[in-house]
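Here is what each chain is made of, one letter per residue.
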Amino acid sequence: MPEQPTAPPAAVALVTVTSTRQLEADAVTDAITELLATTPHTIADREVVPDDYDAIQSTVQSYLYDPPVDLIITTGGVGVAPDDLTPDAVGPLLEKRLPGIGEQFRRRTGEDSPGFAASTRVIAGVVEETLVVCLPRDEAAARTGVEAVVLPVLPRVLGQLNS
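Numbers given to residues run from 1 along each chain, matching the order in which its sequence is written. A pLDDT threshold of at least 70 governs which residues receive local features in this predicted model, and a stricter bar of 80 or more applies before side-chain atom pairs are shown or counted, although totals over entire chains, interfaces and linings include all residues. Calculated side-chain values reflect all of the structure's heavy atoms, with hydrogen atoms and water omitted.

(A) Focus on the overall build of the protein chain. The number of helices and strands found in the protein chain is six helices and six strands. From first element to last, N terminus to C terminus, the protein chain shows the α and β order β-α-β-α-β-α-β-α-α-β-β-α. Computed over its C-alpha atoms, the radius of gyration of the protein chain comes to 14 Å, within 12% of the 15 Å expected for a compact globule of 163 residues. On the principal axes, the C-alpha backbone points of the protein chain span a range of 40 × 40 × 30 Å. Scored against the burial criterion, the 163 residues of the protein chain give a buried share of 46%. Method for areas: the Shrake-Rupley scheme with a 1.4 Å probe, in which residue coverage is limited to the protein chains shown. When the accessible surface of the protein chain is split by element, carbon and sulfur atoms take 52% of a total near 7,900 Å². Starting at the N terminus, helices and strands are each numbered in turn, a helix being any DSSP run of H or I of at least four residues and a strand any DSSP run of E of at least two. Radius of gyration: C-alpha atoms only; globule rule: 2.2 Å multiplied by the number of residues to the exponent 0.38. Three exposure classes are used, based on accessible area relative to the maximum for each residue type with a 1.4 Å probe and protein chains only: buried under 20%, partly exposed in between, and exposed over 50%.

(B) Just the sheet that holds strand β5 (residues 123–127), in detail. Criterion used throughout: strands pair if DSSP finds at least two bridges between them. Read from one edge of the open sheet, six strands run β2-β1-β3-β6-β5-β4, paired in mixed fashion. The open sheet has two free edges, formed respectively by β2 (42–49) and β4 (96–97), since each of these has just one partner strand. In the packing of helix α6 (residues 139–161) onto the sheet, the strands contacted are β3 (71–75), β5 and β6 (130–135), and the crossing angle to β6 comes to about 165°. Contacts were defined at the residue level, with two residues in contact if any of their heavy atoms lie within 4.5 Å. Interaxial angles span 0 to 180 degrees and are taken between N-to-C directions of axes, which are lines fitted to C-alpha atoms, for helices over the stretch in contact.

(C) Region of interest: the pairing of β5. Within β5, five of the five residues are buried, which leaves the element mostly enclosed by the surrounding structure. Relative to β5, β4 is paired through two bridges, and the arrangement is antiparallel. Of the residues in β5, the one forming a bridge with Arg97 is Gly125. Bridging between β5 and β6 involves five bridges; their strand directions are antiparallel. Bridged to Val126 within β6 is Leu131. Connecting the antiparallel pair β5 and β6 is a turn made up of two residues, with Glu128 showing a positive phi of about 50°.

(D) A look at the side chain of His41. Within the element layout of this structure, His41 appears in the loop between α1 (27–36) and β2. Using a relative accessible area of 15% as the deciding quantity, one classes His41 as buried. Polar contacts, as used here, are pairs of N or O atoms within 3.5 Å; protein pairs need one atom able to donate a hydrogen and one able to accept it. Residues neighboring in sequence count only if both atoms are side-chain atoms. Looking at His41, its side chain comes within polar contact range of the main-chain nitrogen of Ala10, at 2.8 Å. Excluding residues within four positions of it along the chain, His41 makes contact with Pro8, Pro9, Ala10, Val12, Leu36, Leu151 and Leu154.

(E) The arrangement of the pattern of salt bridges in detail. A side-chain nitrogen of Lys or Arg and a carboxyl oxygen of Asp or Glu constitute a salt bridge if their distance falls within 4 Å. Tallied over the full model, the rule gives three salt bridges. Put simply, Asp30 and Arg46 hold a salt bridge, and the shortest N to O gap is 2.8 Å. Remark: Arg46 occurs in strand β2 and Asp30 occurs in helix α1; sequence separation between them is 16 residues. Here Arg46 falls in the partly exposed class, since its relative accessible area comes to 21%. Arg107 is the salt-bridge partner of Glu111, the closest N and O atoms lying 3.8 Å from each other.

Here it is as structure tokens:
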């Protein structure tokens, strides 16, 4: 098995997709922020955007260039409800999809909640040397996704992108 590369600290943007919550009351990104505080990575920005295709897509695109970040994590909008549009908006931006991230997420969360895991449309991929991961807006699921899936894969992906 190849050795796990080390990557420099990543600048992370957290995007909450919701039409009902404010940033001040966003327990999900608060939990992710707490997790990342135990790592060398930094939160570059946190933002709330409405459940709107164009708003989601333009927000993700904005973090690719000004200033660019290494990792964008969206939370929310990955279910099957009519206003769950995050994978639809982010998917066309992805230059290289990483289906293993979604598969790992569903495997990990499916141990406790198989129905929840099977009905999420978690996606991930790379755009402009930035890793983008779309997770649910469920605190436990997002925590599991970041801790068990995103952080372990981050050094390898960033190492490959920066080589």
